[in-house]
Amino acid sequence: MTTIDEAPLKLADLPYADLEGEEYAAAPYDYLDRMREQTWGARTAIGLMVLSYEAIQDVYRDPRFRTPGVDTYKLQGVTSGTAYEWWESTVLNKEGADHLRIRSLVREAFSPRSVNRYRERMR
């Protein structure tokens, strides 16, 4: 399998995964396994699909990738207002030092030890 470090990072260069096609509908896990053997990611009708845990970790650590955050609002011409300001303030939409600062404040609450206390309830 090609990793993101070995492959070009242009979406157009990745194969297309037809998640609405008959082949996928008939055996989705087999379909995705075949794709995973070829590449780290694929294009879909709604954007990029990352195909393996390792590739997800690579994408997560790679500064060339980021969430669209408030850009989804800006693309629609919305640059202020209650929803925009709330979305902009969430930790998922913070970048760089702000994101790291907030993340360090909540890190312990999401540690395996802390989360394991709720495992039975989550099941």
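The numbering scheme is per chain: residues are counted from 1 as the chain's sequence reads. Where totals are concerned, whole chains, interfaces and linings use all residues; where local detail is concerned, this predicted model gives features only for residues with pLDDT of at least 70, and gives and counts side-chain atom pairs only at 80 or more. Only hydrogens and water are set aside when side-chain values are computed; all heavy atoms of the structure are taken into account.

### Structural notes on the overall build of the protein
We count a stretch as a helix when DSSP gives it H or I for four or more residues in a row; a strand needs E for two or more, and each element gets its number in order from the N terminus. Along the backbone of the protein there are eight helices and two strands. For a compact globule the rule gives 2.2 Å times the number of residues to the power 0.38, and the radius of gyration it is set against comes from C-alpha atoms. For 123 residues, the compact-globule estimate of 2.2 N^0.38 gives 14 Å, and the protein exceeds it by more than 25% at 18 Å. The principal-axis extent of the C-alpha atoms belonging to the protein is close to 45 × 40 × 30 Å. Counting only residues that meet the buried cut, the protein has 24% of its 123 residues in that class. Entry remark: accessible area of the protein is about 9,600 Å², with carbon and sulfur atoms responsible for 54%. With a 1.4 Å probe rolled over the protein chains alone, any residue whose accessible area is under 20% of its type maximum counts as buried; one over 50% counts as exposed, and the rest are partly exposed. Note that accessible areas follow from Shrake-Rupley with a 1.4 Å probe, and for residues the cover is restricted to the protein chains shown.

### Details of the nonpolar core
We call a set of buried Ala, Val, Leu, Ile, Met, Phe, Trp, Tyr and Cys residues a nonpolar core when their side-chain atoms join them within 4.5 Å. Core analysis: the largest hydrophobic core is formed by seven residues, namely A17, Y31, L32, M35, A42, M49 and L51. For this core, the element with the most residues is helix α2 (residues 28-38), which contributes three residues.

### Thoughts on the environment of A26
With respect to the helices, strands and loops of the structure, A26 is situated in helix α1 (residues 22-26). The exposed category is assigned to A26, whose relative accessible area is 68%. The spatial distance from the C-alpha of A26 to the C-alpha of V115 is 36 Å, given a sequence separation of 89 residues.

### Re the packing of aromatic side chains
Two aromatic rings are characterised by how far apart their centres lie and by the angle between their planes. Each Phe, Tyr or Trp ring, with Trp reduced to its six-membered ring, pairs with another whose centre is within 6.5 Å; inter-plane angles below 30 degrees give stacked pairs, above 60 give edge-to-face pairs, and intermediate values give tilted ones. Tallied over the entire structure, the rule returns three aromatic pairs. Each ring, one from Y24 and one from Y31, has its centre 5.6 Å from the other, and the planes form 80 degrees; the classification is edge-to-face. Among the residues examined, Y24 registers a relative accessible area of 23% and is labelled partly exposed. On the basis of relative accessible area, Y31 is assigned to the buried category, the value being 8%.

### Quick word on the pattern of salt bridges
By definition, a salt bridge exists where a carboxyl oxygen of Asp or Glu is found within 4 Å of a side-chain nitrogen of Lys or Arg. Enumeration according to the criterion identifies three salt bridges in this entry. Notably, a salt bridge pairs R34 with E23, separated by 2.6 Å at the nearest N-O pair. Within this pair, whereas R34 is found in helix α2, its partner E23 is found in helix α1, the two being separated by eleven residues in sequence. Judged by relative accessible area, E23 falls into the partly exposed class, the value being 46%. Residues R36 and D33 are paired through a salt bridge, measuring 2.5 Å at the closest nitrogen-oxygen approach. Remark: D33 and R36 occur in helix α2; sequence separation between them is three residues, near one turn of the helix.

### Comments concerning the side chain of S52
Within the fold, S52 resides in the loop between β2 (47-50) and α3 (53-61). Contacts described as polar in this section are N or O atom pairs within 3.5 Å, which, within protein, must combine one atom able to donate a hydrogen with one able to accept it, while residues neighboring in sequence count only if both atoms come from side chains. Within the local environment of S52, its side chain forms a polar contact with the backbone nitrogen of A55, the two atoms lying 3.1 Å apart.

### A short note on the pairing of β2
Regular strands place their side chains on alternate faces of the sheet. Pairing between strands requires that DSSP locate at least two bridges from one strand to the other. Inspection of the sheet shows strand β1 (residues 41-44) paired to β2 by four bridges, in the antiparallel sense. Pairing of R43 across the sheet is with L48, part of β2.

### Things to note about the confidence of the model for the protein
For the protein, per-residue confidence averages 88 on the pLDDT scale, and 93% of positions sit at 70 or higher. Averaged pLDDT values for the elements of the protein fall to 87 in α3 and rise to 97 in α1. The pLDDT value expresses, per residue, how confident the predictor is, ranging between 0 and 100.

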